[in-house]
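# Coordinate inspection notes
Spelled out, the chains give:
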Amino acid sequence: MIAVEHVKKSFGKQSVLKDVSLEIDDGDVVVILGPSGSGKTTLLRCINFLERADEGNLLIINERIDLHSAKRKEILNVRKRVAFVFQNYGLFANKTALQNITEGLIVSRKVPKDEANKKGEEILEWVGLLDKKDYYPSQLSGGQQQRIGIARAVALDPELILFDEPTSALDPELVGDVLSLIRKVAKKGIPMVIVTHEMSFAQEVANKVVFMDGGVIVEQGTPKDIFYHPKEERTKKFLERVLIQEKEIYYI
Ligand SMILES: Nc1ncnc2c1ncn2[C@@H]1O[C@H](COP(=O)(O)OP(=O)(O)OP(=O)(O)O)[C@@H](O)[C@H]1O
Ligand SMILES: [Mg+2]
């Protein structure tokens, strides 16, 4: 089991995370929903030390890591085990698709280059992009770049993958391929936390849905609990708003 315990984070006087705790069980796909500014990205970034929490712990396979005061060695340890998929792909512009995937294997995992290349090619095939292995990010579509971003995460055999709005920078026609790939990753059983505004995808892929607002987890439960029987007024209002927006998009 993985758990995030009592995470707090302020930027100046603004308290952005107010004691957030979350459990991620083996094979869980946790989807985090919530309005803009509710602290979703900050929470993911604190888990992976892209941001320093003011307080809180990460419990990962019987190891408790202090998210505020962890030292460099512990941070590198977490980054080896927890992969991050960014909204804007986060690929190295000066490296090819294959090199983007093998870099982490060679540098942080110390995998010999030949072996890393072999694994990289296998993963590229798995995501359907082996024919693009020598392309640079600028020569790939947004959807292809994000599939490389996901391939890079999976290549590291992580214990957890964090996705921050993985499809929100994509043109609508490219979203489907990326969502299919995320479904395929979920089937591998790697625990995942996904921040997304794709409501129907969230309902289908998640086994746990978390609703955040104002730096707290307002409510969590199964997709059925949250989408069909939300208890909290704030959850109901949010869902009404986003589901109406989705309908408006579909009916245009
Ligand atoms: N580096 C920073 N410096 C100052 N304030 C920040 C910083 N990062 C985030 N914030 C603030 O923290 C709050 C939460 O931001 P966060 O990005 O976590 O929200 P979010 O839930 O991911 O929103 P969105 O759905 O728009 O991505 C916002 O008010 C934001 O302005
Ligand atoms: Mg965000």
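Here the structure is shown first, and the text comes after it.
Here's what I pulled together on the structure shown here. (Residues numbered from 1 in each chain as written. Chains lettered and ligands numbered in written order. Predicted model: local features only at pLDDT ≥ 70, side-chain atom pairs only at ≥ 80, totals over all residues. Heavy atoms only, no water.)

## Focus on the overall build of the protein chain
Along the backbone of the protein chain there are 9 helices and 10 strands. Taken over the C-alpha trace, the protein chain has a radius of gyration of 18 Å; the compact-globule value for 252 residues is 18 Å, and the two agree within 12%. Each principal axis of the C-alpha atoms in the protein chain carries an extent, and together these give about 55 × 50 × 35 Å. Buried positions account for 50% of the 252 residues belonging to the protein chain. A fraction of 63% describes how many contacts in the protein chain between residues 6 or more apart in sequence connect residues 24 or more apart. For the protein chain, the accessible surface area stands at approximately 12500 Å², while carbon and sulfur atoms represent 49% of it. Distance from the positive charge centre (36 side chains) to the negative charge centre (37 side chains) of the protein chain: 4 Å. (Helix = DSSP H or I, 4+ residues; strand = E, 2+ residues; numbered from the N terminus. Rg over C-alpha atoms; globule rule 2.2 N^0.38 Å. Buried < 20%, exposed > 50% of the residue type's maximum accessible area, 1.4 Å probe, protein only. Contact = heavy atoms within 4.5 Å. Areas by Shrake-Rupley, 256 points an atom, 1.4 Å probe, with all protein chains shown as cover. Lys, Arg positive; Asp, Glu negative; His and termini not counted. Charge placed at Lys NZ, Arg CZ, Asp CG, Glu CD.)

## With respect to helix α6 (residues 172–187)
The terminal C-alpha atoms of α6 lie 24 Å apart, and with 16 residues this matches the ideal 22 Å at 1.5 Å per residue to within 8%. Inspection of α6 places Val175, Val178, Leu179, Leu181, Ile182, Val185 and Ala186 among the buried residues, and these make up the whole buried set. What you see down the axis of α6 is that its buried residues fit within an arc of 160 degrees, all on one side. For α6, exposure combined with an orientation more than 90 degrees from the buried face picks out Glu173 and Lys187. Summarising the contacts, the buried residues of α6 are in contact with β3 (29–33), α4 (113–126), α5 (142–155), β7 (160–164), β8 (192–195) and α7 (199–205). The positive-phi residue at the C-terminal boundary of α6 is Gly189, with phi of around 90 degrees. (Expected span 1.5 Å × (residues − 1). Arc of directions from axis to C-beta.)

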